[in-house]
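Chain and residue survey
Single-letter residue listing:
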Amino acid sequence: MKQIENPYVCEGGFLHTEENRFYTSTLEGLRSAMENGVILEGRSFLCDGDRNLHVSVGGFKGIMPREECVYARDAEVKDIAIISRVGKPVCFRITDLRTGGDGMPVPILSRREAQRECTHHFAEKLIAGDVIDAKVTHLDPFGAFCDIGCGLISLMPIDCMSVSRINHPRERFAVGQQIRAVIKHPADETGRITLTHRELLGTWEENAERFEPGQTAAGIIRSVENYGIFVELSPNLAGLAECKADVRAGQHAAVYIKNILPQKMKVKLAIIDVCEGDGVMNRYEYPEIDHIDYWRYSPDGCEKVIETEF
């Protein structure tokens, strides 16, 4: 199926394009972008004492007034939302062209207008189950914040990242990583959107069919319990190994696959050896779909049912 067309790319994705260079390389290009409402990108290099952002726009230096830095509807914009953009790409529309004290053109920029356009023409049209591109911008213990276009941020709770449990989102994602995500809850009255990811990582059967009893596979130790050790074989599949001394969560492990039990969604393992690693397994092969109505992780006939209905 064709993926959803989103002309409002995540911030940083338009900065080095030929189109962006075309509009920001000359005064005529800036005027054309302003007259046609083109959304451009530049890199902010300063936040002054009045919380205005200063932005490199090709060979020009633009100013983004504080009130134009973030589209937040009726909510108050906190200073951290502005100063945290320093050094990073920002999207904007040019609202005015002025002349500075040195006689050079000074484009006046509005990220707020770019984000408002993205909100009304893209984000608010998304429905539960839509699959979109996103960019991880920040990780907290409870989830990952993702840019879904023009710097609009949505939250992906940690329990939505995969069926295989993790202790912190950094075990699944890295800041700046490009991912695919599913709309779990579309925009509410405040514009908040919630994302999920586990539905794109395959069912239990799809993950388990990559392995066979008798094989020795690589995995990551996710949890050490008094009754066994959970080892992640793929982002949506973990198995249980017998207790072993001197192992801890985050280590990489070579595990022998003793048995695979679809009826109980269990993979029985034995740890052969462990080594230090970064604890990250983020090799994702996303299906080429643009919408999901229903997803069932559990095999048919399994007593425990893990499913999502959008």
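This text goes with the structure placed above it.
Heads up: these notes are all about the structure in this document. Given the structure is predicted, the values throughout are model-derived calculations rather than measurements.

**Side note on helix H4 (residues 111–121)**
For H4, the full list of buried residues reads Arg-111, Ala-114, Gln-115, Glu-117, Cys-118 and Thr-119. Structurally, H4 contributes buried residues whose contacts are with strand E3 (60–64), strand E4 (89–99) and strand E5 (105–110). Put simply, Ser-110 is the residue that caps the front of H4, since its side-chain oxygen is 2.9 Å from the backbone nitrogen of Glu-113.

**Notes on the sheet that holds strand E13 (residues 237–241)**
Pairing is mixed around the closed barrel formed by five strands, whose spatial order is E11-E12-E13-E15-E14. Averaged over all adjacent pairs, the angle separating strand axes in this sheet is 50 degrees, with direction ignored. Sheet topology note: the strand E12 (residues 228–234)/E13 ladder contains five bridges and is antiparallel. Opposite Phe-230, over in E13, you have Leu-240 as the bridge partner.

**Section: the layout of surface pockets**
Estimated volume of the largest pocket: approximately 1500 Å³. The wall of the largest pocket is formed by 43 residues, among which Val-70, Ala-81, Gly-151, Leu-152 and Ile-153 lie closest to the centre. At the level of elements, helix H3 (79–83), H4, strand E6 (131–140), strand E7 (143–147) and strand E8 (153–157) are the ones that each hand at least two residues to the lining of the largest pocket. Looking at the lining of the largest pocket, the element that brings in the most residues is E6, giving four residues. Across the lining of the largest pocket, the residue classes break down as 19 nonpolar, 12 polar and 12 charged. Quantified by volume, the second largest pocket comes out at close to 950 Å³. Of all the elements in the fold, those that place two or more residues in the lining of the second largest pocket are strand E11 (216–225), E13, strand E14 (252–261) and strand E15 (266–275). Considering every element that reaches the lining of the second largest pocket, the biggest residue donor is E13, with five residues.

**Digging into the pattern of salt bridges**
Pairing between side chains of opposite charge can happen when their charged atoms approach one another. Within the structure shown, the criterion is met by 16 salt bridges. The partner of Arg-172 in a salt bridge is Glu-232, and the shortest N-O contact between them spans 3.0 Å. Of the two residues, Arg-172 is situated in the loop between E8 and strand E9 (178–185) and Glu-232 in strand E12; the sequence distance between them amounts to 60 residues.

**A closer look at the packing of aromatic side chains**
Across all of its chains, the model carries six aromatic pairs by this definition. Judged by centre distance (5.9 Å) and plane angle (90 degrees), the rings of Phe-142 and Phe-145 are edge-to-face. Overall, the relative accessible area of 45% leaves Phe-142 in the partly exposed class. The interplanar angle of 40 degrees and the centroid separation of 5.7 Å between the aromatic rings of Tyr-284 and Tyr-286 together place this pair among those described as tilted. Tyr-286 sits in the partly exposed class, given a relative accessible area of 22%. Taken together, the ring pairs connect Phe-173, Tyr-284 and Tyr-286 into an aromatic cluster.

What counts, and where the lines are drawn
- Residues numbered from 1 in each chain as written.
- Predicted model: local features only at pLDDT ≥ 70, side-chain atom pairs only at ≥ 80, totals over all residues.
- Heavy atoms only, no water.
- Buried < 20%, exposed > 50% of the residue type's maximum accessible area, 1.4 Å probe, protein only.
- Helix = DSSP H or I, 4+ residues; strand = E, 2+ residues; numbered from the N terminus.
- Contact = heavy atoms within 4.5 Å.
- Polar contact = N/O pair within 3.5 Å; in protein donor to acceptor, adjacent residues only side chain to side chain.
- Pairing = 2+ DSSP bridges.
- Axes fitted to C-alpha atoms, helices over the stretch in contact; angles between N-to-C directions.
- 1 Å grid on protein atoms, 1.4 Å probe; cavity = no way out; pocket = protein on both sides within 12 Å on 5 of 7 lines; lining within 4 Å.
- Points joined across faces, edges and corners; volume = space filled by probe spheres on them.
- Nonpolar A, V, L, I, M, F, W, Y, C, P; charged D, E, K, R; others polar.
- Salt bridge = Lys/Arg side-chain N within 4 Å of Asp/Glu carboxyl O.
- Phe/Tyr/Trp six-rings, centres within 6.5 Å; stacked < 30°, edge-to-face > 60°.

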